Amino acid sequence: MATQNIKVITRKPLRWWEKLYLPQVLAGMKITLGIMLRKPVTLKYPFERPVIPKGYRGVPTLVKDQNGREKCVSCQLCEFVCPPKAIRITPGEIDPESGNAHIEKAPAKFEINMLRCIYCGMCQEVCPEAAIVLQGEYSLNGYSRAGMINDKKRLYELGGTIPDPVRKWDKKKRA
Amino acid sequence: MAEDTTNLVTINIDGKDYQVAAKQNLVDAAQSVGIEIPHYCYHPKLPMAGSCRMCLVEIGMPMRDRATGEPVIDEATGKQKIGWMPKPAIACGTSVSPGLHVKLNSKMTVSSREGVTEFLLANHPLDCPICDQAGECTLQEFSSQYGKGVSRYRDAKNVKPKHKSLGPQVMYDGERCIRCTRCVRFCRDILGRAVLGVTQRGSHSEIDCYPGTQLDGNYTLNVVDVCPVGAMTSKDFRFKMRVWFLKKSKSICTESSVGVNTTVWSREGKIYRITPRENDAVNVAWMSDSGRMLYKTVEAETRLTGFRRGESEVTFDEAADAALALLKNGASAFVASGKMSVEEQFVLKSLAAAVGGNVYLAKTLGENDGMLISEDRTPNRRGALVTGLVKDFDGAEVSALAAKIDADEVKTVFVCGEDLSSLGLTEEQLKKVEIVYLGTQKNATSEEASVVLPSSTVFEKAGTFINQEFRLQKFEAAIPGIKGTESDLTILSTLAARASSSVATDVSVASVWEKLRAACPVLANIDYAKIPDTGTLLDASPWANIAFPETGSLKWKPAK
Ligand code: SF4
Ligand code: SF4
Ligand code: SF4
Ligand code: FES
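From a predicted model like this one, the values you see are computed outputs, not experimental measurements.

Visitor: How would you explain the environment of T387(B) if you had to name every residue and give the values?
Guide: Residues and elements named next belong to chain B. Locating T387 in the fold gives a position in the loop between α9 (381-386) and α10 (398-406). When the C-alpha atoms of T387 and L120 are compared, they prove to be 56 Å apart, with 267 residues separating the residues in sequence. Setting aside anything within four residues of it in sequence, one finds T387 in contact with V342, Q345, F346, K349, L516 and C520. Engagement of the side chain of T387 in a polar contact is seen with the backbone oxygen of G383, the distance being 2.8 Å.

This is how it looks when you write it as structure tokens:
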């Protein structure tokens, strides 16, 4: 590096208004104040939540129909199709006294392990009863591994109601 | 249908010649060369009904001149002309004959199938998601393969009973039923009790029991197996698990010395059902309801887990040492069982030889039910003869052991899975001796035992049994052993090795077979890995003078 070609430049001396600093400070304040008065572009998460677009694939949930009937009949197709094997179902028989005895089958247990779920939506796609739906919920957390497994009760809490336009089981009951 | 290879005929399917056995119908013949002709009512083990029409195919025969009987030759090809029938015929009702021509993909065949499928589905419910048959339903399979995929039926579907209990084990769904009458024929022709029949007419017809009867007895679940759809369901298996999750393992039923071939269906170490496996020489395609329930022994309340010495839980090692200490006191006896596999009996023999002591063989007899349960209620008492564990049955009666205990000649009894009190020993006799108990279930003997060695059920281990006709049959492990148990073969091999101050290195079934072949003349030519699924008949002549209790079952009669 002996032959490095270094050119020494002497800094220009500051002019008088540059020595004052104030114009620069004011220019900066102008930008800051201008933005402070504008509508904010960010959300105050988690106090504010974004609007979730239709068709968003959030946490898979189980839903009931307009009569409060659980739609899932525990066919276990979602369990079969789920690529990371996040779903675990124990099928059961519907209590003959419940008024839904004609449907015969419902899950006794239904668990989705959210540490495994990859939000692919295959379960929703395969479900013949439109009972499992990936809805708007996206924020989930827990204190333990077990806490990340959504059981049947939690899945229905998350899912709520989605009306069934066909009402095939009602027709069957009447028939 | 048994194949008769000496009597072959040539038939032509879709322009290709095939050699098939004569004297069979077209469905079976096509099956034998790997071609599927869809069918519902026909079942190879039941008489033919010809009612579903799913097997309709276009057939033809080589033409002959009516007047002269000379073959009619097609000018263009120089070959004999084929006279195609103007209407399709049912394959299940057509016997193969030389020169039979069949079209499986012609317009006529395809539209026949589509038509039949459309009619069958017209009133069929959309039940697949809740139907236990889904995954093994021929209606489902054939509809997607040979159906049109659309229905023109616009009226309301028929409504029928959806859960009609026909008997203690069987539930019937009228809407799913396709009235193929396989169940009716099974009861009428196999059971000899025409309990089931078709009632009502046309599309309203359904299956019901004859008034005042129900589908009872010990063979009712076969109806569920023959039913091609989900109309007949097992109350035990109903809604338990989808079949596509289940792993199939070949097993042998331990209910009696008939040695019914079975398939055990399990998922992740849990058994959900047992069904018969076809073996024309033993059980055809049937099995008893009671045999199907034996999987419940795996998780029974009485199941033994955890090795025990006295009152304390110990490791397998400690238990084995404690057992050996008791056995080596010079006055031991062994009670073997027909529930043990051939390999276990053989290793028990070497254990008995190493520590010394007489071997007795438990006897559990019951009534022959005339079908698939014989007098001897253990699967493998013949094995004790073949392995040389006992010379004959009379000399190994457990009653002789009782006398020895009374005479203070026996101090330790090694019991393999049997309950001595039900074999005629009194409570005092049990209390008088030290008992080492090897088995899966708790009983009066295991309660009295000084050392308990919990072992595997038949579903958790592999091995062979020898049935009433000296047929050597193999069973494989369906599920892994549960916690707190070891396989019988491991326990026995460990004891036998330690008794002769060595270490059991290889306790696999295959390694025991090496020694078995050398030691037992009738097994000398048998390769364990190559025992066919339907078993191998052994030479029974060395035991021709022994009076066996069996009087015969469905497919076997003792020689006079
Ligand atoms: S959620 Fe749907 S696919 Fe999953 S078991 Fe229930 S009905 Fe079947
Ligand atoms: S019988 Fe077959 S086609 Fe009918 S509902 Fe059951 S699985 Fe589906
Ligand atoms: S119940 Fe099953 S076997 Fe019996 S007629 Fe109906 S479909 Fe056939
Ligand atoms: S199989 Fe039913 S008619 Fe041939």
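Visitor: Quick one: what's the story with the site of ligand 2, residue by residue and with numbers?
Guide: Every residue near ligand 2 is listed here: H124(B), D127(B), C128(B), C131(B), A134(B), C137(B), L139(B), Q140(B), R176(B), V229(B) and G230(B). The residue inventory of the shell around ligand 2, partitioned by class, reads six nonpolar, three polar and two charged.

Visitor: Describe unusual backbone geometry, listing the residues and the values that go with them.
Guide: All names here are of chain A. Backbone torsion omega between Y45 and P46 reads 5°, so that peptide bond is classified as cis. For S74, which is not glycine, the phi torsion reads 50° and is therefore positive. Of note, E104 is a non-glycine position whose phi angle comes to about 70°, a positive value. Relative to the elements of secondary structure, E104 occurs in the loop between β2 (87-93) and β3 (105-113).

Visitor: Break down the packing of aromatic side chains for me, citing the residues and quoting the values.
Guide: On inspection of all chains with the given rule, the structure shows 15 aromatic pairs over all chains. Look at F80(A) and F245(B): their rings are 6.1 Å apart centre to centre, the planes differ by 70°, and that puts the pair in the edge-to-face class. Of this pair, F80(A) sits in helix α3 (residues 77-81) while F245(B) sits in the loop between β11 (232-234) and β12 (247-252), on two different chains. Exposure remark for F245(B): the relative accessible area of 16% places this residue in the buried category. Ring-pair connections join several aromatic residues into one group, and the members of that group are F393(B), F470(B), W543(B) and F548(B).

Visitor: With reference to specific residues and values, describe the packing of helix α8 (residues 342-355) of chain B against helix α14 (residues 509-519) of chain B.
Guide: Residue and element names in this part refer to chain B. One can describe the packing of α8 onto α14 by two numbers: an axis separation of 10 Å at closest approach and a directional angle of 65°. Our classification of the angle between α8 and α14 gives roughly perpendicular. Here α8 runs over α14; the crossing is left-handed. Taking contact as the criterion, the partners of V342, E343, F346 and V347 in α8 are, on α14, V509, V512, W513, K515, L516 and A519. Of the residues in the contact of α8 with α14, the class split is eight nonpolar, no polar and two charged.

Visitor: Let's hear about the sheet that holds strand β24 (residues 536-537) of chain B: which residues, and what values?
Guide: Residue and element names in this part refer to chain B. Strand order in the open sheet formed by three strands is β22-β23-β24, and the pairing between neighbours is antiparallel. In this open sheet, the two strands that pair with only one neighbour each are β22 (463-466) and β24. Sheet topology note: the strand β23 (residues 471-475)/β24 ladder contains two bridges and is antiparallel. Pairing of R471 across the sheet is with L537, part of β24.

Visitor: Quick rundown of the domain arrangement of chain B? Include the residues and the values.
Guide: Frequently, the measure chosen for interface size is the accessible area removed from exposure when the parts meet. Residues and elements named next belong to chain B. Structurally, chain B comprises domain 1 (5-115), domain 2 (126-297) and domain 3 (308-458 + 481-504). The distance between the C-alpha centroids of domain 2 and domain 3 comes to 39 Å. Listed as interface residues are 19 residues of domain 2 and, on the opposing side, twelve residues of domain 3. Both faces considered, domain 2 and domain 3 share a buried interface measuring about 1200 Å² in area, 63% of it formed by carbon and sulfur atoms. Among the residues of domain 2 in contact with domain 3, Y219, T254 and S257 are the three that bury the most area, contributing 40% of the side total.

Visitor: Outline the interface of chain B and chain A, supporting the account with residue identities and numerical values.
Guide: Facing the 20 residues of chain B at the interface are 20 residues of chain A. Here chain B packs against chain A, burying approximately 1600 Å² in sum over the two surfaces, 57% of which is carbon and sulfur. Taken as a group, P129(B), I130(B) and F239(B) account for 37% of the area that chain B buries against chain A, more than any other trio of residues on that side. For the pair chain B and chain A, the interface holds six salt bridges. Here D127(B) ties to K172(A) by a salt bridge, and the two come within 3.4 Å at their closest N and O atoms. Inspection of the chain B/chain A interface yields seven residue pairs in polar contact (both at pLDDT 80 or more). Counted by class, the side of chain B that touches chain A contains nine nonpolar, one polar and ten charged residues.

Analysis parameters
All residue numbers here refer to positions counted from 1 along the written sequence of the relevant chain. Here chains are named by letter from A upward and ligands by number from 1 upward, in the order in which they appear as written. Thresholds applied to this predicted model are a pLDDT of at least 70 for local features of residues and 80 or more for the giving and counting of side-chain atom pairs; totals over whole chains, interfaces and linings are not thresholded and use all residues. The side-chain numbers reported here are obtained from all heavy atoms of the structure, hydrogens and water having been left aside. Numbering goes from the N terminus for both helices and strands, where a helix is a DSSP run of H or I of at least four residues and a strand is a run of E of at least two. Should any heavy atoms of two residues lie within 4.5 Å, those residues are counted as being in contact. Identification of polar contacts relies on pairs of N or O atoms within 3.5 Å, with a donor-acceptor requirement for protein atoms, meaning one able to donate a hydrogen and the other able to accept it, and with residues adjacent in sequence counted only if both atoms are side-chain atoms. Consider each residue's heavy atoms; a residue with any of them within 4 Å of a molecule or strand counts as near. Residues are grouped as follows: Ala, Val, Leu, Ile, Met, Phe, Trp, Tyr, Cys and Pro are nonpolar; Asp, Glu, Lys and Arg are charged; every other residue, Gly included, is polar. When two rings of Phe, Tyr or Trp (its six-membered ring) have centres within 6.5 Å they constitute a pair, described as stacked for plane angles under 30 degrees, edge-to-face for angles over 60, and tilted for the intermediate range. Only protein chains enter the area calculation, which uses a 1.4 Å probe; residues under 20% of their type maximum are buried, those over 50% are exposed, and those in between are partly exposed. Between N-to-C directions, angles span 0 to 180 degrees; the directions come from axes that are lines fitted to C-alpha atoms, helices contributing only their stretch in contact. Throughout this description, any angle smaller than 35 degrees is read as roughly parallel, any larger than 145 degrees as roughly antiparallel, any in the 65 to 115 degree range as roughly perpendicular, and the remainder as oblique. In this scheme, a crossing is called left-handed if the near helix is turned counterclockwise away from the far one by less than a right angle; it is called right-handed if the turn is clockwise. We call two strands paired when DSSP finds no fewer than two bridges between them. Here the bounds of each domain stem from an automatic or database domain assignment. Each of two parts loses accessible area, computed with a 1.4 Å probe, when they are put together; buried area is these two losses added. We define a salt bridge as a side-chain nitrogen of Lys or Arg found within 4 Å of a carboxyl oxygen belonging to Asp or Glu.

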